[in-house]
Amino acid sequence: MVDFAVESIGVVLGHMDIVRKHYDEIAQFKEVQELDPDCEAYDRMEKSGKLWVMTAREKGDLVGYIVMFLSNDLHYRKMVRAIEDVHFILPEHRKGLLGYKMLARTVAEMKAKGAHTITFRTKADNSHGLLFERLGGVLQDLVYTIVV
């Protein structure tokens, strides 16, 4: 059985082996995007209440995580946005409803924190769009990256 818990960003960053697996699996443009998390910036955001982390653990071992940013929108000051930074579940644990349950719990937590909108991102070549739609999400934007 997998348990979810709200934990510190330090827990995720303290498991760089799993973060590295995440990077190796999904990172594009590795020639310009070397894995090098700004731990101090994450810590500052967490201390200011603008970062939220939930982990998934099986028998105490970290098997997944989701990291969300929370802030007032710069265009619509009274609107609180929850924007996903990263989500990941180790491949050997991607079975059943684990991903759906982790995302559903995140939606409930962000709603409880006062978010008006919750934005999740997914890779074009490894889309989790159906999961987001199942939770009530609608496709909003397409994003293009130019490596210079």
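Residues numbered from 1 in each chain as written. Predicted model: local features only at pLDDT ≥ 70, side-chain atom pairs only at ≥ 80, totals over all residues. Heavy atoms only, no water.

(A) Looking closely at the sheet that holds strand β1 (residues 2–7). Ordered by their spatial adjacency, five strands build an open sheet running β1-β2-β3-β4-β5, and the pairing between neighbours is mixed. The outermost strands of the open sheet, each flanked by one partner alone, are β1 and β5 (117–119). Across this sheet, the average inter-strand angle for adjacent strands is 20°, counted without regard to direction. Direction of pairing for strand β2 (residues 51–58) relative to strand β3 (residues 61–72): antiparallel, over a ladder of eight bridges. Bridge pairing in β3 places Val 53 opposite Val 67. This element, helix α2 (residues 16–26), spans β3 and β4 (80–89) of the sheet and lies at about 95° to β4. (Pairing = 2+ DSSP bridges. Helix = DSSP H or I, 4+ residues; strand = E, 2+ residues; numbered from the N terminus. Axes fitted to C-alpha atoms, helices over the stretch in contact; angles between N-to-C directions. Contact = heavy atoms within 4.5 Å.)

(B) How the structure looks around the environment of Thr 106. For Thr 106, the location among the structural elements is in helix α4 (residues 98–112). A residue is classified by how much of its surface remains accessible, and Thr 106, at 0% relative accessible area, is buried. Along the primary structure Thr 106 and Pro 37 are separated by 69 residues, whereas in three dimensions their C-alpha atoms are 22 Å apart. The residues touching Thr 106, leaving out its near neighbours within four places in the chain, are Trp 52, Met 54, Ile 66, Met 68 and Phe 120. (Buried < 20%, exposed > 50% of the residue type's maximum accessible area, 1.4 Å probe, protein only.)

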